[in-house]
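Each chain, written out:
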Amino acid sequence: MKISICGSMHHIDGIEEAQAILERQGWEVETPSRRENKKVLSEMSRDELADEKDFLISEHLEKIRHSDAVLIYNEEKRGVDGYIGGNTLMEMAFAYAQNLEIFLFRPIPEMSYTDEILGMKPIVLNGDIDAIARHYETLPKTFVSSKSPIKLRAVSRAMRHAGIRTTVVAKPTESNVSEQPKNIEETYEGALNRQNALKAATKTDAPDYLATVESGLYQVHPNHNSFSSTLVIIEKAGGPQKVGVNVELEYPREMTDKVPSVYPDLGVLVQEEYGSKLKDPFPYFTNGKVDRLQLVETAVFNVAAQL
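Residues numbered from 1 in each chain as written. Predicted model: local features only at pLDDT ≥ 70, side-chain atom pairs only at ≥ 80, totals over all residues. Heavy atoms only, no water.

## Side note on the sheet that holds strand E1 (residues 2-7)
What counts is decided by this rule: Only when DSSP finds a minimum of two bridges between them are two strands counted as paired. Numbered from the N terminus, helices here are DSSP runs of H or I no shorter than four residues, and strands are runs of E no shorter than two.
Pairing in this open sheet of 5 strands is parallel, and the strands run E2-E1-E3-E4-E5 from one edge to the other. In this open sheet, the two strands that pair with only one neighbour each are strand E2 (28-30) and strand E5 (123-124). Pairing between strand E4 (residues 101-104) and E5: 2 bridges, direction parallel. Looking across to E5, one finds that Phe103 is bridged to Ile123.

## A short note on the nonpolar core
Spelled out, the test is: Nonpolar core, defined: a set of buried Ala, Val, Leu, Ile, Met, Phe, Trp, Tyr and Cys residues in which side-chain atoms within 4.5 Å join the residues together. Accessible area is worked out with a 1.4 Å probe on protein chains only. A residue is then buried under 20% of its type maximum, exposed over 50%, and partly exposed in between. It only takes one pair of heavy atoms within 4.5 Å for two residues to be counted as in contact.
Residues Val144, Val155, Met159, Val213, Val232, Ile234 and Val300 are the most contacted members of the largest nonpolar core, which totals 20 residues. Counting only elements with at least two residues in this core, the list comes to helix H7 (149-161), strand E8 (209-218), strand E9 (227-236) and helix H11 (292-304). The contact partners of Val213, leaving out residues within four places of it in the chain, are Lys151, Val155, Thr230, Leu231, Val232, Val296 and Val300. Counting 19 residues, the second-largest nonpolar core is a separate cluster that includes Trp27, Leu125, Ala131 and Ile132.

## Considerations on H7
Selection rule: Take the number of residues in a helix, subtract one, and multiply by 1.5 Å to get its expected span.
For H7, which comprises 13 residues, the first-to-last C-alpha distance of 18 Å matches the rise-based estimate of 18 Å (1.5 Å per residue) to within 8%. Burial analysis of H7 places 11 of its 13 residues in the buried class, which makes it a mostly covered element. Residues Ile150, Lys151, Leu152, Arg153, Ala154, Val155, Ser156, Arg157, Ala158, Met159 and Arg160 constitute the buried set of H7. Just downstream of H7, Gly163 is the residue with a positive phi angle, here 95°.

## Notes on the sheet that holds strand E10 (residues 241-250)
For the record, the criterion: Convention adopted: a line fitted to C-alpha atoms gives each axis, helices being fitted over their contacting stretch, and angles between N-to-C directions are expressed from 0 to 180 degrees.
In space, the 5 strands of this open sheet follow the order E7-E6-E8-E9-E10, with mixed pairing throughout. Both edges of this open sheet fall to strand E7 (167-170) and E10, since each of them pairs with a single strand only. When the angles between neighbouring strand axes are averaged without regard to direction, this sheet yields 25°. Where strand E6 (residues 141-144) meets E8, 3 bridges bridge the pair, whose relative direction is parallel. Considered in E8, the bridge of Thr142 is made with Tyr209. Against the sheet, helix H8 (residues 184-201) engages E6, E8, E9 and E10, with an angle of about 160° to E8.

That's the geometry; what it means functionally is another story.
Okay, structure coming up:
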């Protein structure tokens, strides 16, 4: 899981100490950019400062959009214990809108907007970073039939957005269809195979939820190339299966023509041809405006909202 740390650059050393602790515990951690230097900012014109702040705000909000939680590092500043500045308050609100956990390193400060902080119901750690791990140990467990970071994060975030806070556990199973399903029938078959195998593999694990995400191609109309599609199956333990299908973006032919003749799927294609770290083809034909996490998260949310 991924957590973004938010706070004043005045406390960047402490933020990076917290980062080291969390990374030792297995978290993927994002922190504010050290690019924000007060001396440099003070020498900028008003327009230059606006552009720089625009970049820094967008950069950190994007980190939160790819996270499961935020840690607000709120040590003393300006004589205020647990100080939370305007920028950090904005980041808290962004996380709150996505129903992510908001952890406060120190107690809630007495400030002009204390009521708003209280309203976001943060989890106060009282300086104990280990309390984050204990929090997740108490949550319902969702087993996911994949080890894909994108699928795991999409399930975690979408379930939270639907009001279900959960700890996501990877339990990869086989689809027994091609790496890149060519139609909705094959995509559905692959998802069902994974979900059934997941149920069998977790009988002794007492999962609270079981989830499968299967991506494939969808031929919408002969006038068009194949579209991306995401099929999701989620079930609460002992309950009925809920299934959803999202049809998304039309793929460029120069991509799909190479699958499976050159690459087993589109994710491998972008890794091999574009050097992508993740198996995500979407940023490469949307000028970075859409990524796979957005699409999968939406598909999962549409199903989780029915639970």
